[in-house]
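Summary of structural features
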Amino acid sequence: MKFFADTAEIDDIRELAATGLLDGVTTNPSLIAKSGRDFMEVTKEICGIVDGPVSAEVVALDHETMMKEAEILRKLADNVCIKVPLTIDGLKTCRALTGDGTMVNVTLCFSANQALLAAKAGATFVSPFVGRHDDNGFDGMELISDIRLIYDNYDFETEILVASVRHVTHVLESARIGADVMTAPPAVIKALFKHVLTDKGIEGFLADWAKTGQSIIR
Ligand code: G3P
C-alpha cells in the first residue's frame, strides 16, 4: 500500500520524505488555506520534494473552468495530479484529462456507486473519505471493502486512495482490505512507527549495553 501525506506543510513533507517511505502528497483547498501559502508556489515546492503524485484540487464547479484551472496546475510539474470533485462536471473533466495522460484524483467520494462512476471515467485515483463517513454514522471501511470488490470484479485500474484517515486503525484496515493508497495527516503517519514495547525494548537494551562498557564505533 502506498503512503501519501495529506498536508501542505512543507516541513512535515520534508521530514516524511526523508524516511524514504513517502509515495506522494494530497492537498485540498482547506489544507492550502491552513498552510497560509500561495497555492501555486507551495504546490510547486511540494512537487520538488516528492517524486510521486501530488494532488492539487480545482475549485471551479463547471467543466470548462475546471479544464482551464487544470491546464494551469498541470504546468507546475510532471508529478501534479489534478483533483476534481465527484460531480458530473468533475467526471467529465476527469475523462478529458486522463484521455491525454494526466493523472486525476476524483475526490469527495462517499458511495460505491460514485466510485464505480469514477473508474468508468478513467480516474487514476478515487478518494473515498472514511473519516467523514464515520462522522456521519456510516462505516467508512465498509465503503472501502465494497469499492475493492467492485473494482476487482471488473479489473478496473483506478487506485483506491483512502482519504480522511483519522487514526492508525484506518490505515491497518485499509491494508487488510487491499486499498492501493492511503493518505493521512503527518501525525497519523508518525504514529504508525510507535509502539510502547519498542520504546521499552530500546530502553532495556541500552541499559544492558551500558553495563558492558563497550562501544561499536571505536
Ligand atoms: O484527503 C481528504 C482529507 O483531507 C479530508 O480529511 O479529516 O478533513 O475529513 P478530513
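For the structure itself, consult the block above.
In what follows, the accompanying structure is described. Note that the coordinates shown come from a computational prediction; the quantities given were computed from them, not determined experimentally.

To continue, consider the packing of helix H4 (residues 63-74) against helix H5 (residues 88-99). Where H4 meets H5, the axes come as close as 9 Å, and the angle between the chain directions of the two elements is 45°. Classed by the angle they form, the pair H4 and H5 counts as oblique. Here H4 runs over H5; the crossing is right-handed. Together, His 63, Met 66, Met 67, Ala 70 and Arg 74 of H4 and Asp 89, Gly 90, Lys 92, Thr 93, Ala 96 and Leu 97 of H5 make up the contact between the two elements.

Right, let's talk about H5 for a bit. Over its twelve residues, H5 runs 17 Å from end to end, which matches the ideal 16 Å to within 8%, given 1.5 Å per residue. Of the residues flanking the end of H5, it is Gly 101, one or two places downstream, whose phi is positive at about 90°.

Time to look at the packing of aromatic side chains. Each aromatic ring pair is specified by the distance between its two centres and by the angle formed by the two planes. Following the criterion strictly, the structure yields four aromatic pairs and no others. Chaining the aromatic ring pairs together yields one cluster made of Tyr 151, Tyr 154 and Phe 156.

In the neighbourhood of the ligand, the contacting residues comprise Asp 6, Asn 28, Phe 129, Arg 132, Ala 163, Ser 164, Arg 166 and Thr 183. At 2.6 Å from an oxygen atom of the ligand is found a side-chain nitrogen or oxygen belonging to Ser 164. Contact with the protein chains covers 81% of the free accessible surface of the ligand, which is 310 Å². Tallied by class, residues from the shell around the ligand come to two nonpolar, three polar and three charged.

Right, let's talk about the side chain of Thr 158 for a bit. Relative to the elements of secondary structure, Thr 158 occurs in the loop between helix H8 (140-154) and strand S7 (159-162). Within the local environment of Thr 158, its side chain forms a polar contact with the backbone oxygen of Ala 123, the two atoms lying 2.7 Å apart. Beyond its immediate sequence surroundings of up to four residues, Thr 158 is in contact with Ala 118, Ala 119, Gly 122, Ala 123, Thr 124, Phe 125, Val 126, Tyr 151 and Asp 180.

With that settled, consider the environment of Arg 166. Tracing the sequence through the fold places Arg 166 in the loop between S7 and helix H9 (168-177). With relative accessibility at 40%, the residue Arg 166 sits in the partly exposed group. Through-space distance from the C-alpha of Arg 166 to that of Asn 105 is 20 Å; in sequence the pair is 61 residues apart. With near-sequence residues (within four places) excluded, Arg 166 lies in contact with Gly 131, Arg 132, Asp 135 and Val 188. Within the structure, the side chain of Arg 166 is placed 2.9 Å from the side chain of Asp 135, a separation counted as a polar contact.

Conventions and cut-offs
Within each chain, residues carry numbers counting from 1 in the order of the written sequence. The predicted origin of the model limits local features to residues at a pLDDT of at least 70 and limits the giving and counting of side-chain atom pairs to 80 or more, whereas totals for whole chains, interfaces and linings rest on all residues. As a rule here, side-chain values come from all non-hydrogen atoms in the structure, and water together with hydrogens is ignored. Fitting a line to C-alpha atoms yields each axis, with helices limited to the stretch in contact; the angle taken between N-to-C directions then spans 0 to 180 degrees. Numbering goes from the N terminus for both helices and strands, where a helix is a DSSP run of H or I of at least four residues and a strand is a run of E of at least two. Relative orientations are named as follows: roughly parallel for angles under 35 degrees, roughly antiparallel for angles over 145 degrees, roughly perpendicular for angles from 65 to 115 degrees, and oblique for any other angle. Definitions for this section: a left-handed crossing has its near helix turned counterclockwise from the far helix by less than a right angle. A right-handed crossing has that turn clockwise. Residue contacts are defined here by distance: any two heavy atoms, one from each residue, within 4.5 Å place the two residues in contact. Helices are assigned an expected span. That span is 1.5 Å times one less than the residue count. What counts as a ring pair is set by centres within 6.5 Å for rings of Phe, Tyr and Trp (its six-membered ring), and what kind of pair is set by the plane angle: stacked under 30 degrees, edge-to-face over 60, tilted for all other angles. Throughout, the term near means that a residue has one or more heavy atoms lying within 4 Å of the molecule or strand in question. Whenever two N or O atoms come within 3.5 Å, that pair is a polar contact, provided that in protein one can donate a hydrogen and the other can accept it, and provided that, for residues adjacent in sequence, both atoms are side-chain atoms. Where accessible areas are quoted, they stem from the Shrake-Rupley method and a 1.4 Å probe; at the residue level, only the protein chains shown are allowed to cover. Under the scheme applied here, ten amino acids are nonpolar (Ala, Val, Leu, Ile, Met, Phe, Trp, Tyr, Cys and Pro), four are charged (Asp, Glu, Lys and Arg), and all others, including Gly, are polar. When accessible area is computed with a 1.4 Å probe and restricted to protein chains, residues below 20% of their type maximum are described as buried, those above 50% as exposed, and intermediate ones as partly exposed.

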